[in-house]
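# Report on the structure
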Amino acid sequence: MGVALSQQLRIGAYILKQRLAGVRRYPLVLMLEPLFRCNLACAGCGKIDYPDSILDRRMSVAEAVGAVEECGAPVVSIAGGEPLIHREIDRIVDAIVARRRYVYLCTNALLLEKKLDLFEPGPFFSFSIHLDGPRAVHDRSVCRAGVHDVAVAAIGAARARGFRVSVNCTLFDGMGSGEVADFFDSVATLGVDGITVSPGYAYERAPDQQHFLNRRKTKALFRAVFARGRGRRWPLNHSALYLEFLAGNRTYRCTPWGNPTRNVFGWQRPCYLLGEGYAPSFRALMEETDWDSYGTGNYEKCADCMAHCGYEATAVEDLAAHPWKALPAALFGVRTEGKMAPEIPLAGARPAEYVSAGLVGERSRGQSPTGSSANPSGQ
Ligand code: SF4
Ligand code: SF4
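Everything quoted here is computed from the prediction, not taken from an experiment.

### Considerations on the nonpolar core
With 108 residues, the main nonpolar core has L28, L32, I78, F119, F127, L171 and F184 as its most contacted residues. Looking at this core element by element, the count peaks at 6 residues for helix α3 (residues 61-71). With residues near it in sequence (within four places) discarded, F119 still touches L84, I89, D90, V93, L105, F125, F127 and F163. Counting residues in hydrophobic clusters, the runner-up holds 6 residues, among them C42, I48, V142 and V147.

Printed below as a string of structure tokens:
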């Protein structure tokens, strides 16, 4: 179990409140990107390929706190870019923790040991350290030798100082189930509080498009990994129903509003993974986005997505409505054999629109980040 009981209870109470109030769409995790600049250049990254004029932008403390309050999600994941490059990152974290939100600071860990003194350990704050596999796999994934060992050393240093630490891992095509299982074992022995895992999503802007998993491969891989995982104690930071989904046992549609994204451009439509326009406020994002035009079966770009930022909230919502569905996985583990759940037909999906380059151009020229239409077909 990767999430502390107190955190589960607080989030459960938040979900109950939303359901009792009849709120149909509500956020669970705010993805806050206070900058895009990074000190790595990973091949699978869709965030760092902006011109310097954009990479030099920083979200202010007031903007970050405003986004947290506007959104209201109980969990805030601070990503980027590399958040530890932001000179006011400690003030941003302190301000959000003071509002009793659970903060995950996502970092590649290169600067972590140097910057540990800036932060205070506590139940509302975790470091979430990027680690995509064992040494050779991770260093290849981040395109630099030695990063894996720096990250592992930083995990030890942060834990020794009393911080909560989790690992976030993106799986790309090419890792076998045995290698993934051994990697999870090795991460568990580091004593981390949780492991967040997601199949890689083929970002339109990622320079390397060759190594992303499609849905068929994702489900086969996770079935094989979970089969190997019986009796091994991995602190996976996910609901049982999301793990069932990864193993092909559930048909889910994504819930992109569960993980809204606020970055230096504004509120990103429709999700953390696809940047197809920006809204000027959280309310505008929720009310004016044409949500039905996105998701697997609706949009070509979404065909292979099974990422946790799109589907964990779906699984959590299903769990809140039908808690008994998690019982089989809780008693016997995730099912790894038998028929898979039907796949969503892709034939009716609207074709991909390649709007990213145009949006980047607008922002480089300093034009309004919110001028894009909520409906991609209207752009
Ligand atoms: S560490 Fe993260 S933000 Fe930086 S280049 Fe790699 S994937 Fe992108
Ligand atoms: S399937 Fe959903 S979460 Fe995934 S890229 Fe599409 S809109 Fe985003």
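Here the narrative resumes.
### Things to note about the confidence of the model for the protein
Mean pLDDT over the protein: 90, with 90% of residues reaching 70 or higher. This model gives residues 368-379 a pLDDT under 50, and the stretch forms 33 contacts once residues within four places in sequence are excluded.

### Observations concerning the packing of aromatic side chains
One pass over the structure, following the stated rule, counts 20 aromatic pairs. When the ring of Y14 is compared with that of Y26, the centres are 6.1 Å apart and the planes differ by 75°; the resulting orientation is edge-to-face. Of this pair, Y14 sits in helix α1 (residues 5-20) while Y26 sits in the loop between α1 and β1 (29-32), and the two are 12 residues apart along the sequence. For the pair Y14 and Y26, a shared accessibility class is recorded, and that class is buried. Note on F245 and Y252: the rings are 5.6 Å apart at their centroids and 35° apart in plane angle, and the pair reads as tilted.

### Some remarks on the pattern of salt bridges
For the structure on display, the rule yields 18 salt bridges. With its nearest N and O atoms 2.6 Å apart, the salt bridge here joins R99 to E69. Taken together, the positions of R99 in the loop between α4 (89-98) and β3 (102-107) and E69 in helix α3 put the pair 30 residues apart, joining distant regions of the chain. With a relative accessible area of 33%, R99 lands in the partly exposed category. Take E69: its relative accessible area is 48%, and that puts it in the partly exposed class. For the salt bridge of R91 with E88, the shortest nitrogen-to-oxygen distance reads 2.8 Å. Using a relative accessible area of 48% as the deciding quantity, one classes R91 as partly exposed. What makes E88 partly exposed here is its relative accessible area of 28%. Linked through salt bridges whose partners overlap, the residues forming this network are R37, D52 and D56.

### Quick look at the packing of helix α8 (residues 177-189) against helix α9 (residues 215-228)
When two helices pack together, their arrangement is given by the angle between the helix axes and by the axis-to-axis distance. At a closest axis distance of 9 Å, the pairing of α8 and α9 adopts a crossing angle of 50°. Relative to α9, α8 is oriented oblique. Pair α8 / α9 crosses with right-handed handedness. Contacts between α8 and α9 pair S177, G178, V180, A181 and F184 from the former with L221, A224, V225 and R228 from the latter. Across the contact of α8 with α9, the residue classes tally to 6 nonpolar, 2 polar and 1 charged.

The rules we used
- Position numbers for residues start from 1 in each chain and track the written sequence from start to end.
- Lettering for chains starts from A, numbering for ligands starts from 1, and both go in the order in which the items are written.
- The model is predicted, so local features are restricted to residues of pLDDT at least 70 and side-chain atom pairs to those at 80 or more, both for listing and for counting; the totals for chains, interfaces and linings are taken over all residues.
- Side-chain metrics rest on all non-hydrogen atoms present in the structure, leaving aside hydrogens and water.
- Working definition of a nonpolar core: buried Ala, Val, Leu, Ile, Met, Phe, Trp, Tyr and Cys residues. They are joined through side-chain atoms within 4.5 Å.
- Buried, partly exposed and exposed residues are distinguished by accessible area as a fraction of the type maximum, computed with a 1.4 Å probe on protein chains only: under 20%, between the cut-offs, and over 50%, respectively.
- Helical segments are the DSSP runs of H or I of at least four residues, strand segments are the runs of E of at least two, and each set is numbered from the N terminus.
- Throughout, a residue-residue contact means that at least one pair of heavy atoms, one from each residue, lies within 4.5 Å.
- Think of pLDDT as the predictor's per-residue confidence, scored from 0 to 100.
- Note on aromatic contacts: the rings of Phe and Tyr and the six-membered ring of Trp form a pair at centre separations within 6.5 Å, being stacked when their planes are under 30 degrees apart, edge-to-face when over 60 apart, and tilted otherwise.
- The working definition used for a salt bridge is a side-chain nitrogen of Lys or Arg within 4 Å of a carboxyl oxygen of Asp or Glu.
- Axes here refer to lines fitted to C-alpha atoms; in helices the fit is confined to the stretch in contact. Angles between the N-to-C directions go from 0 to 180 degrees.
- The labels follow the angle: roughly parallel below 35 degrees, roughly antiparallel above 145, roughly perpendicular from 65 to 115, and oblique for the rest.
- Each crossing gets its hand from how the near helix is turned against the far one by less than a right angle, where anticlockwise is left-handed and clockwise is right-handed.
- Note on residue classes: Ala, Val, Leu, Ile, Met, Phe, Trp, Tyr, Cys and Pro are nonpolar, Asp, Glu, Lys and Arg are charged, and everything else, Gly too, is polar.

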